Amino acid sequence: MILRTIVLLLSYTLLLFHVHLAIAEEDNPDLKRLKESYQQAAPTELFGHHFLNQGQLDIYKLFLAQLDTEEIESELFQHQLMLTTQSHQSIGDAVYVAKAARNLLKSMPLLNLGLAVDTTSEKALRLPGLFPDHPFDWYWLREGGNPEDAAANLEASQFILMLGAITGKAVDPLRTQNGLFIGASVSELESLHNCETSDCRRKQLGWVQRTINGAAYDYVEEILNKDYFKIEYQDIQDVRFNDPESSFDAFSKHIREYRFKYQGYLEEPAYRERRTFAEDPTSYCTPVSKLMSCYRVPRFGLEPHSAGILIDTELTEQFKAFNNEPESSPFIQALEALPQVTRQVLTGHERKEKQLKAFQAGAGYYFTYFHHLNGKLGFIASLAQAYPEQDQTIIMSLSEEELNTSFTYAKSALKHAQVNTVHLWSTEATPRTLTLQELENGITLTLVDPGHLPHQAMMALMLLSKPVVGVSGDNTLSEALALGKLPYPETIPHNLFTRTQLGLLSSNGDLKTFYDTISPEDVGAAWKKLEEKPETIRQFAASVVEQYNAEPLLQAIVQSAVTPSAEVRDFLNKARYTVSSAKDSENQSPCFLDYEADEHQADIVRMKWLLSRLKDKSAKPETEDQHSPDLEPLSNEIQRISSQHLRLLMQEALYDYKKLH
């Protein structure tokens, strides 16, 4: 009782703080700057490469700051480019790397490219079959191939581009070879834009925290009909046996933990707390390992300082061709290969010809690609609010076993959505019908699990579905946007901030409502309005792709790494000489006057000098004092970098340099 009273008092205190923020929100310059940053793309060019926004330009500058021109001169490479990632239970990161490879080969068809996947997952080993028509080599750093051969190819590659997840087997080669790490989308609330002061962090984080807290309350209390403050450990176990990503974890325990850490996140950058207990040197932000463990390391995502998301250029081309000549589209050909029962359930027709025509005309089903029960039930609840008393057909993997494992919870959520009957169709099991209740105006759900399908068939089903598409992560998010769909992110912790970001990317009120909460009533109302205006959805999807397509960045990096232009090569050679002269000089404060006419070139040279100093153990300070005379020139040059995000990254590297040395 005492503990519950304390929790309620804490919540009430935070609620008052949030209300105060809400009143001042319109006049708050920090929040205004945060929101405006998502609405403004800043296309720019450097060395002949076009970038869609400031984030891509910053990452390209960081890449050039780390690039060693002496390594480019070598001719003893097994591959010009080796793409690497780590893939555990899901194949998402590996598919992301394969997508990057396909895009790069379309723009650079002579590129000698390999993919090295660090995996123990049998799912990942199916990947070569998903993309059989592309001329790149697959290497498996653990099971499924020859790990020694894969490691040898990594060590003999000209450039290593590590994407998504850190590949342990590729860390050592990256210490001595040219390379870059771009991490997966950040999922933590404190990764905010344009903040260098604790006051700015407090206001921006408070706004995001309030938004997500509201979503948590709505989900637990409205869908599950459960008091938010009465959730106990046994409730978590009842949701889904031993599932760490279960619903209550996502929207209660997760939010509670952030509530108790709240004040600490406001006052200090998160990396300082992370480093408090770090023992392994590879956990620190250092140029020795290409900065891969930095909190501010380049990442994919929808933040203004991110690399963007990987859009499959082949998919967008096929989408355009389908709009012009649907009958000859590879999407229709892919549907012909679907099991007969899948086509019949989705279209209601028995004959193949009628099934294909029904698909083209709009078969009337929804497409989802979810992994967790809470995401599936949240989608169903919102859809039921959007179209009450209407039966629905959804492509959704939901087995009777999954329902039975957490039947009380699932039954409560489905009954709350006015579901009477659930038909479960699967290509791998006997169809089942579950009766939950007998409401007069209750609905029937037909859930279709198509099983493991070729990528082309999955994309065809997504394209021809209704406008709202359920997505689980970066891959399905980018695919839905490429096909002009409205993504509904699965309601799990790392997607909470993704929803907030998507809301920030639009000035449309219905889109903001759709993404700023997961209350079924509010989302459902916005859902219906948006589907009544499909052009609004298509324009929104196109605008996100236009502003956050990562392909221009990756293409610029790879071209500059393996076949640099004369302009890039001359600049890097001059910069190398400048940095070497500055290191040899007794003057601790370098002079970069030759580059001041171009702030981007000046940033690159400054970072080259800083990174060379941070690699040099002989330059270690005798004290950890930030104002040590040994560190003052480094701190001064960091402050002269024009990009705020790059300044923060260099400050983090300097912070760890002091701790390591």
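The numbers attached to residues start from 1 for each chain and follow its sequence in the written order. Per-residue local features are limited, in this predicted model, to residues with pLDDT of at least 70; the limit for side-chain atom pairs, both in listing and counting, is 80 or more; totals at the level of whole chains, interfaces and linings are taken over all residues. The side-chain values count all of the structure's non-hydrogen atoms but skip hydrogen atoms and water molecules.

Some details on the sheet that holds strand β14 (residues 486-489)
An order of β11-β10-β12-β9-β8-β13-β14 is seen for the seven strands of this open sheet, with the pairing classed as mixed. With partners counted over all chains shown, the strands left at the sheet margins are β11 (429-435) and β14, one partner each. Across the sheet, the mean angle separating the axes of adjacent strands is 20° when strand polarity is ignored. Two strands are counted as paired when DSSP detects at least two bridges linking them. Runs of H or I in DSSP of at least four residues are treated as helices and runs of E of at least two as strands, each being numbered from the N terminus. Pairing analysis gives four bridges linking strand β9 (residues 392-395) to strand β12 (residues 443-449), with the strands arranged parallel. Note that in β12 the partner of Ile-394 across the bridge is Leu-447. Any two residues having at least one pair of non-hydrogen atoms within 4.5 Å are treated as being in contact. In this description, a line fitted to the C-alpha atoms serves as the axis of each element, helices being fitted only across the stretch in contact, and the angle between N-to-C directions of two axes falls anywhere from 0 to 180 degrees. The strands touched by helix α21 (residues 474-482) within the sheet are β13 (468-471) and β14, with β13 carrying the most contacts at an inclination of about 165°. Strands β13 and β14 of the sheet are contacted by helix α23 (residues 509-516), whose axis makes an angle of about 20° with β14.

Thoughts on the side chain of Asn-420
Here Asn-420 lies in strand β10 (residues 419-426). Working definition: with a 1.4 Å probe on protein chains only, accessible area under 20% of the residue-type maximum means buried, over 50% means exposed, and in between means partly exposed. For Asn-420, a relative accessible area of 10% puts it in the buried group. In the analysis that follows, any N or O atom pair within 3.5 Å is treated as a polar contact, provided that within protein one partner can donate a hydrogen and the other can accept it, and provided that, for residues neighboring in sequence, both atoms belong to side chains. At 2.8 Å, the side chain of Asn-420 forms a polar contact with the backbone oxygen of Leu-439. Leaving out residues up to four positions away in the same chain, Asn-420 has contacts with Leu-434, Thr-435, Leu-436, Gln-437, Glu-438, Leu-439, Gly-442 and Ile-443.

Some thoughts on the pairing of strand β3 (residues 79-87)
Counting buried positions along β3 yields eight of nine residues, so the element is predominantly enclosed. As paired strands, β3 and strand β6 (residues 157-164) are joined by five bridges and run parallel to one another. Residue pairing in the sheet places His-79 in a bridge with Ser-157 of β6. Sheet analysis places β3 next to strand β4 (residues 113-119), joined by seven bridges and oriented parallel. Along β4, the bridge assignment pairs Gln-86 with Asp-118.

A short note on the environment of Leu-504
Mapped onto the elements, Leu-504 comes out in helix α22 (residues 493-504). Between the alpha carbons of Leu-504 and Tyr-38 there is a distance of 6.0 Å; along the sequence they are 466 residues apart.

Here's the deal with the nonpolar core
Here, nonpolar core means buried Ala, Val, Leu, Ile, Met, Phe, Trp, Tyr and Cys residues that are tied together by side-chain atoms lying within 4.5 Å of each other. Residues Tyr-60, Leu-83 and Trp-527 are the most contacted members of the largest nonpolar core, which totals 175 residues. Ranked by residues supplied to this core, first place goes to helix α5 (residues 92-107) with nine residues. Not counting residues up to four positions away in its chain, the partners in contact with Leu-83 are Val-97, Ala-100, Ala-101, Leu-104, Leu-113, Gly-114, Leu-115, Ala-116, Leu-161 and Leu-163.

What to know about helix α25 (residues 534-548)
A helix's residues, less one, multiplied by 1.5 Å, set its expected span. Compared with an ideal rise of 1.5 Å per residue, which puts 15 residues at 21 Å, α25 spans 21 Å between its outermost C-alpha atoms and is within 8% of the ideal. The complete set of buried residues in α25 reads Ile-537, Phe-540, Ala-541, Val-544, Val-545, Gln-547 and Tyr-548.

As for the state of the cysteines
What counts as a disulfide here is a pair of cysteine sulfur atoms lying within 2.5 Å. Within the structure shown, the criterion is met by one disulfide. With its sulfur 2.0 Å from that of its partner, Cys-285 forms a disulfide with Cys-294. Between Cys-285 and Cys-294, the S-S dihedral sits near 80°, and the bridge is therefore right-handed. The pair formed by Cys-285 and Cys-294 is uniform in burial state, with each residue classed as buried.

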